[in-house]
Amino acid sequence: MTTFIELLLGGLSIGSVYALIALGFVVIFKATEVVNFAHASLLLAGGYVTAVLHDDIGFWPALGVGIAGAAVVGSAVEFLVMRRYRGSDQSVLAIVTIGVDILLTTELVRRMGTDVMALGDPWGDDVVTVGGVTLAETRIAAFLVAGLLITVFLLAFRFTSWGVSMRAAAENPQTAALMGIRLGRVSLSAWAVAGALAAVAALFLTVFPTPGLERATSLAALKAFPAAILGGLDSTTGALVGGLVVGVTESLATGYQSDLSFLGRGIGDLAPYLVMVVVLLVRPAGLFGTKELSRV
């Protein structure tokens, strides 16, 4: 039972980090109706800046610069690349983001080389034990920080003028533009917010018990993609639920992998995608996604 609780709590913690990444997918999709496959490179960029600067200026200032840097990179991608293709088919724009991701990831990996980079977090390898249940302090911090950021985002999305503009643009961009909402500004802010969230997620994906920032870190965004899909690409609530579902599923499947040996090795990595497929078979729009009806 203790093992199950540890795996469950660990899954909720990493799932909250996946929810941050999934929220980035959702924000950009709601603003532009584009599936952003360049999200992995934004995550890697934020983590890289933090890792490079933390020795010189300290962890917290470096983290702030990393978050701001990822937001700037996201804004630059929108302004310099995506805006040039505005009005194109969404499938074309999605392919463009794949090209952007390849370009940015290749350059960042070239700079990183084969090194595993530490981000200098203050938690180290400390753990907390309560009632026989052991959990890393980094996992507790991840859950609390992710929960706080998601709450702040949802409140801003619901009650601020930026959130109203975002929701209006997602509902009907043509009408929103006629009402004076600047769609370019909405899109730019969406990419900036997505980049900032990705940078925070990069921190908690690279601290203990993982070794640090490396080439494969960006692949974590691919695990968050099923979270966004099964929750619904146009649902902020779906991003939260999807992230938690994916995190718990991955944690339990990995923890009980020896008991699931008949399914083959690496079932923990495959489990989130299996859950996504099962959900989409039942609800093609995702758990909280909006169903669109078309008259033909």
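Just so you know, the residues in each chain are numbered from 1, in the order the chain's sequence is written. pLDDT decides what is reported in this predicted model: residues at 70 or higher carry local features, side-chain atom pairs at 80 or more are listed and counted, and totals for whole chains, interfaces and linings draw on all residues regardless. Side-chain numbers here rest on the full set of heavy atoms in the structure, without hydrogens or water.

Visitor: Hey, could you run me through the environment of valine 200 in this one?
Guide: Per the convention used, a helix needs a DSSP run of H or I reaching at least four residues, while a strand needs a run of E reaching at least two, with both numbered from the N terminus. Its place among the elements puts valine 200 in helix α8 (residues 183-206). Only protein chains enter the accessibility calculation, which uses a 1.4 Å probe. A residue is then buried if its area is under 20% of the maximum for its type, exposed if over 50%, and partly exposed in between. With a relative accessible area of 8%, valine 200 lands in the buried category. Sequence-wise, valine 200 and glycine 47 are 153 residues apart; in three dimensions their C-alpha atoms are separated by 8.0 Å.

Visitor: Help me understand the environment of leucine 183 in this model?
Guide: Checked against the element boundaries, leucine 183 lands in helix α8. It is 8.1 Å that separates the C-alpha atoms of leucine 183 and alanine 31, two residues lying 152 residues apart in sequence. Should any heavy atoms of two residues lie within 4.5 Å, those residues are considered in contact. When near neighbours in sequence (up to four residues on either side) are disregarded, leucine 183 contacts Ala169, Pro173, Ala176 and Ala177.

Visitor: Hey, could you run me through the nonpolar core in this one?
Guide: Ile21, Leu203, Phe204, Leu205 and Leu213 are the most contacted members of the largest nonpolar core, which has 72 residues in total. Those residues in contact with phenylalanine 204 that lie beyond four places of it in its chain are Val17, Trp123, Thr138, Arg139, Ala141, Ala142 and Val145. Side-chain atoms within 4.5 Å link the members of a nonpolar core, which is a set of buried Ala, Val, Leu, Ile, Met, Phe, Trp, Tyr and Cys residues.

Visitor: Hey, could you run me through a nonpolar patch on the surface in this one?
Guide: Two joining distances apply to patches: 9 Å for like charges and 5 Å for nonpolar side chains (Val, Leu, Ile, Met, Phe, Trp, Tyr), and every residue must have over 30% relative accessible area and no salt bridge. All accessible-area figures derive from a Shrake-Rupley calculation using a 1.4 Å probe, and residue coverage is judged against the displayed protein chains alone. A pairing counts as a salt bridge when a side-chain nitrogen of Lys or Arg comes within 4 Å of a carboxyl oxygen of Asp or Glu. A grouping of Met1, Phe4, Ile5 and Leu9 is seen on the molecular surface, where their side chains present a nonpolar patch of about 380 Å² in accessible area. Judged by its relative accessible area of 74%, methionine 1 is exposed.

Visitor: Before we go on, may I ask you to explain unusual backbone geometry in this structure?
Guide: Residues other than glycine predominantly adopt negative phi, and peptide bonds predominantly adopt the trans conformation. In this structure, proline 209 follows phenylalanine 208 across a cis peptide bond, with omega equal to 15 degrees. By the element assignment, proline 209 lies in the loop between α8 and α9 (220-231). Unusually for a residue other than glycine, glutamate 33 sits at a positive phi of about 60 degrees. Note on placement: glutamate 33 falls in the loop between α1 (2-32) and α2 (39-57). By relative accessible area, which is 40% here, glutamate 33 ends up partly exposed.

Visitor: Could you clarify how one ought to interpret the pairing of strand β2 (residues 133-136) in this entry?
Guide: Across a regular strand the side chains alternate sides, sitting on one face of the sheet and then on the other. Of the pairings in the sheet, the one linking strand β1 (residues 127-130) to β2 comprises four bridges and is antiparallel in character. Along β2, the bridge assignment pairs valine 127 with alanine 136. Count of turn residues in the β1/β2 antiparallel hairpin: two residues, of which glycine 131 carries a positive phi of about 60 degrees. Only strands that DSSP links by at least two bridges are regarded as paired with each other.

Visitor: I would appreciate a short explanation of helix α3 (residues 59-80) in the present structure.
Guide: Side chains that are three or four residues apart share a direction in an α-helix, a result of its 3.6 residues per turn. Between its terminal C-alpha atoms α3 stretches 31 Å, which fits the 32 Å expected from 22 residues at 1.5 Å a residue. Residues Phe59, Ala62, Leu63, Gly66, Ala70, Ala71, Gly74, Ser75, Val77 and Glu78 constitute the buried set of α3. In the core, the buried residues of α3 are packed alongside α2, α4 (90-112) and α8. A helix's residues, less one, multiplied by 1.5 Å, set its expected span.

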